[in-house]
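Descriptive structure summary
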Number of protein chains: 2
Amino acid sequence: MQQGVEKMFESMISECIPGHSIDCVVLGYEDKCLKLLLLKWKNTSIWSLPGGFIQKEEHMDDAAKRIMVERTGLDTVFLSQFHTFGNHCRRNVDDLIKKLNNQFLHDTATVDWFKQRFITTGYFALVDIRKSHPVPDALSESCSWVDINKLPDLIFDHEEIVRLAMSHIRIQLNYLPFGISMLPKRFTMTELQKLYEGFLGRPLDRGNFQKKMLKLGIFMRHEKQLLGGAHKAPWLYSFDRTKYEALLEKGIGFI
Amino acid sequence: MQQGVEKMFESMISECIPGHSIDCVVLGYEDKCLKLLLLKWKNTSIWSLPGGFIQKEEHMDDAAKRIMVERTGLDTVFLSQFHTFGNHCRRNVDDLIKKLNNQFLHDTATVDWFKQRFITTGYFALVDIRKSHPVPDALSESCSWVDINKLPDLIFDHEEIVRLAMSHIRIQLNYLPFGISMLPKRFTMTELQKLYEGFLGRPLDRGNFQKKMLKLGIFMRHEKQLLGGAHKAPWLYSFDRTKYEALLEKGIGFI
DNA sequence: ACAAAAGTGTTATCCTTACACCCATGT
DNA sequence: ACATGGGTGTAAGGATAACACTTTTGT
């Protein structure tokens, strides 16, 4: 066991509040599909959501932001709390210890920390994969983007957490035009549409989608793209940040 | 200080998990207005939301249910978690102790319990006032229904919690037809409309409201009401429970 | 020239909104 | 009779959904 891990456990136990954790459902968009940021634990086939604990004097939202910076290097992302999971038996730590095969969990204080009951608050984040720099934590051999439709088995109740995050996002999609944090500065309407289709899990009508989006009045159209496709070159758009934020404030449709 | 309070503190500290609390925004409807269930602390002018703590082996949702039963005697209510408040400085306990004027908080273990940092999860509940039997807890001299538009100052950040609950309810109102748990078995469309207006804080068109509601197909119409008003007697409706629950499942409008 | 995908247009239908009108009842 | 509030109807406008047509580009 490396020095890094021991140190991390020490500071975790001394600086964080017990019993409460944070799990982040971090979504990005690449190659026409939605991807989820996952950690793979060292020398195991255990996959989990990036997460962490809350420092004693830290706002919970700030803890989520910190975790995002640590795992993705991104400090300004769309980040929103969506649910707190309070089932007392959500974590099967004995099973975890077995799978870990004597890695990490030796020290009694550390084992006790992991064995305690945790209530976890789920946050979802929408980020631009191209700007992200995933870094594994001390327990993980990798931190990587995985196609949302090809997820491996996840630890504990993390699959449930992902499911609920997606459901919250789908609902919010009705009144919050996501996208600015997930797409490159300039994008085509088709790219935006594919992103929406990824969230909703179903195809949308091309013509209607364009009209609906453009009517929101939050886009700026740029000169044509000339990328090599055997077809008419699509317009490039970007978000008019001011109008976009104003729309986020008041929402769309509704009430 | 009575025996009851000491006992309560003892079991609270020994049986509940520290650092996490639950606060309930309990709403009822009476006399054409929305009312909030509030506790008034003994011999003070401190008002607060009913709340409590989570037992060591208790699911968080069950804790919320238990708290609802304890305060209202109602065990099947519409109860839904809406947000977790994780600001580390949300509670000014020194101020509380001053206001309490040496009541309750003497024992060091108890003072320590209250002085610790709490993360609280907010639940909202929609109940039928007529069926409720508000009972104060050991610290309170009263547990009573207060007009949502005439709230007193609340302790800590409880006003913020109420505000956020209302905002969540208003959004959910767009796809969940609330009402079954708040109105008497039989009600008129105008009563339902007044309830909605209470949530939304604005008047709705009478004719359009009726058509929209009836189109949902979750109502049963009964024989006419003959109550003494100098006008046409309105129909009485009740919720068709089966269809209502089915609609709650899939939501209305949307995606 | 042709396929492929982008952009735009058309139509029918539905929903919302703002009213207007009539109905039943108690005074 | 009439004021009061309940029930229903209508017409305009907007949003939605399905689909057709045109345009541009690389091969």
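Residues numbered from 1 in each chain as written. Chains lettered and ligands numbered in written order. Predicted model: local features only at pLDDT ≥ 70, side-chain atom pairs only at ≥ 80, totals over all residues.

Looking at the overall build of chain A
- Regarding its fold elements, chain A presents 8 helices and 9 strands.
- Summarising its shape, the C-alpha atoms of chain A cover approximately 65 × 40 × 30 Å along the three principal directions.
- Contacts in chain A between residues at least 24 apart in sequence constitute 76% of all its contacts with a sequence separation of at least 6. (Helix = DSSP H or I, 4+ residues; strand = E, 2+ residues; numbered from the N terminus. Contact = placed C-beta atoms within 7 Å.)

Quick notes on helix α7 (residues 206-215) of chain B
- Along α7 of chain B, only 0 of the 10 residues are buried, which leaves the element largely exposed.
- At the C-terminal side of α7 of chain B, glycine 217 of chain B shows a positive phi close to 70°. (Buried ≥ 20, exposed ≤ 12 C-beta atoms within 10 Å, placed from the backbone.)

Describing the interface of chain A and chain B
- Chain A puts 23 residues into the contact, and the matching count from chain B is 23 residues.
- A breakdown of the residues in the side of chain A that touches chain B according to their chemical character gives 7 nonpolar, 11 polar and 5 charged. (Nonpolar A, V, L, I, M, F, W, Y, C, P; charged D, E, K, R; others polar.)

Some remarks on the protein's contact with DNA strand D
- Taken together, 23 residues are adjacent to DNA strand D, and Lys232 of chain A together with Gly207, His231, Lys232 and Pro234 of chain B come closest.
- Contributions of two or more residues to the surface near DNA strand D are made by α7 (206-215) of chain A together with α6 (189-200) and α7 of chain B.
- With 3 residues, the top contributor of residues to the surface near DNA strand D is α7 of chain A. (Near = placed C-beta within 6 Å.)

Description of the environment of serine 144 of chain A
Residue and element names in this part refer to chain A.
- Along the chain, serine 144 turns up in strand β7 (residues 140-147).
- Its 15 C-beta neighbours within 10 Å are what place serine 144 among the partly exposed residues.
- Put simply, serine 144 and arginine 91 are 53 residues apart on the chain and 23 Å apart in space, counted from C-alpha to C-alpha.
- Those residues in contact with serine 144, other than ones at most four positions away along the chain, are Leu38 and Pro134.

A few points about the relation of the copies chain A and chain B
- Between chain A and chain B, the superposition needs a rotation of 180° and an axial shift of 0.1 Å, giving an RMSD of 0.1 Å. Expressed as an axis order, the relation between the two copies is that of a two-fold axis.
- Interface overlap between copies: 100% of the residues of chain A at the interface are likewise at the interface in chain B, consistent with a symmetric, same-surface contact. (Least-squares fit on C-alpha atoms with pLDDT ≥ 70 in both.)

A few points about the protein's contact with DNA strand C
- Lining the immediate surroundings of DNA strand C are 22 residues, of which Gly207, His231, Pro234 and Trp235 of chain A together with Gly207 of chain B lie closest.
- Secondary structure elements with two or more residues in the surface near DNA strand C: α6 (189-200) and α7 of chain A together with α7 of chain B.
- Tallying contributions element by element places α7 of chain B first for the surface near DNA strand C, with 3 residues.

Considering the pairing of strand β2 (residues 33-41) of chain B
Residue and element names in this part refer to chain B.
- Taking burial as the measure, the 9 residues of β2 include 7 buried ones, the bulk of the element.
- Counting the residues between successive antiparallel strands, the hairpin from strand β1 (residues 16-30) to β2 contains 2 residues, one of them, aspartate 31, with a positive phi of roughly 50°.
- As judged from the 7 bridges shared by β2 and strand β7 (residues 140-147), these two strands associate in the antiparallel manner. Of the residues in β7, the one forming a bridge with leucine 36 is valine 146.
- Alignment of β2 against strand β3 (residues 47-48), held across 2 bridges, turns out to be antiparallel. By the bridge assignment for β3, leucine 39 is matched with serine 48.
- Remark: 5 residues form the turn of the hairpin made by β2 and β3, two consecutive strands paired antiparallel; asparagine 43 in that turn has positive phi of roughly 55°. (Pairing = 2+ DSSP bridges.)

So, helix α2 (residues 60-72) of chain A
Residue and element names in this part refer to chain A.
- Helix length check: α2, at 13 residues, gives a terminal C-alpha distance of 18 Å against a target of 18 Å (1.5 Å per residue), a fit within 8%.
- Along α2, the residues that are buried comprise Met60, Ala63, Ala64, Lys65, Ile67, Met68, Arg71 and Thr72.
- Remark: glycine 73 follows α2 within two positions and exhibits a positive phi of approximately 70°. (Expected span 1.5 Å × (residues − 1).)

Quick word on the environment of threonine 188 of chain B
- On the secondary structure map, threonine 188 of chain B appears in the loop between α5 (158-172) and α6.
- By C-beta crowding, threonine 188 of chain B is classed as partly exposed, having 16 other C-beta atoms within 10 Å.

Details of the environment of serine 11 of chain A
- Among the structural elements, serine 11 of chain A can be located in helix α1 (residues 3-15).
- In sequence terms serine 11 of chain A and glutamate 58 of chain A are 47 residues apart; their C-alpha atoms lie 14 Å from each other.

Structural notes on the packing of α6 of chain B against α7 of chain B
All names here are of chain B.
- Their axes nearest at 10 Å, the elements α6 and α7 cross at an angle of 100°. Judged on the interaxial angle alone, α7 and α6 are roughly perpendicular. Residues Met189, Leu192 and Gln193 of α6 touch α7, and the partners they reach there are Arg206, Phe209, Gln210 and Met213.
- By residue class, the composition of the contact of α6 with α7 is 4 nonpolar, 2 polar and 1 charged. (Axes fitted to C-alpha atoms, helices over the stretch in contact; angles between N-to-C directions. Parallel < 35°, antiparallel > 145°, perpendicular 65-115°, else oblique.)

Side note on the pairing of strand β6 (residues 119-126) of chain B
Residue and element names in this part refer to chain B.
- Of all the 8 residues making up β6, 8 are buried; the element is thus mostly covered by neighbouring parts of the structure.
- Neither face of β6 is open: one carries Ile119, Thr121, Tyr123 and Ala125, the other Thr120, Gly122, Phe124 and Leu126, and all of them are buried.
- The pairing of β1 with β6 spans 8 bridges and is parallel. If you follow serine 21 over to β6, its bridge partner there is threonine 120.
- As paired elements, strand β5 (residues 78-85) and β6 share 7 bridges and run antiparallel to each other. Considered in β6, the bridge of serine 80 is made with phenylalanine 124.

Brief notes about unusual backbone geometry
Residue and element names in this part refer to chain A.
- For lysine 32, which is not glycine, the phi torsion reads 60° and is therefore positive.
- Tracing the backbone shows lysine 32 in the loop between β1 (16-30) and β2 (33-41).
- The exposed category is assigned to lysine 32, around which 11 C-beta atoms lie within 10 Å.

Spatial relationships are all this shows, so hold off on functional conclusions.
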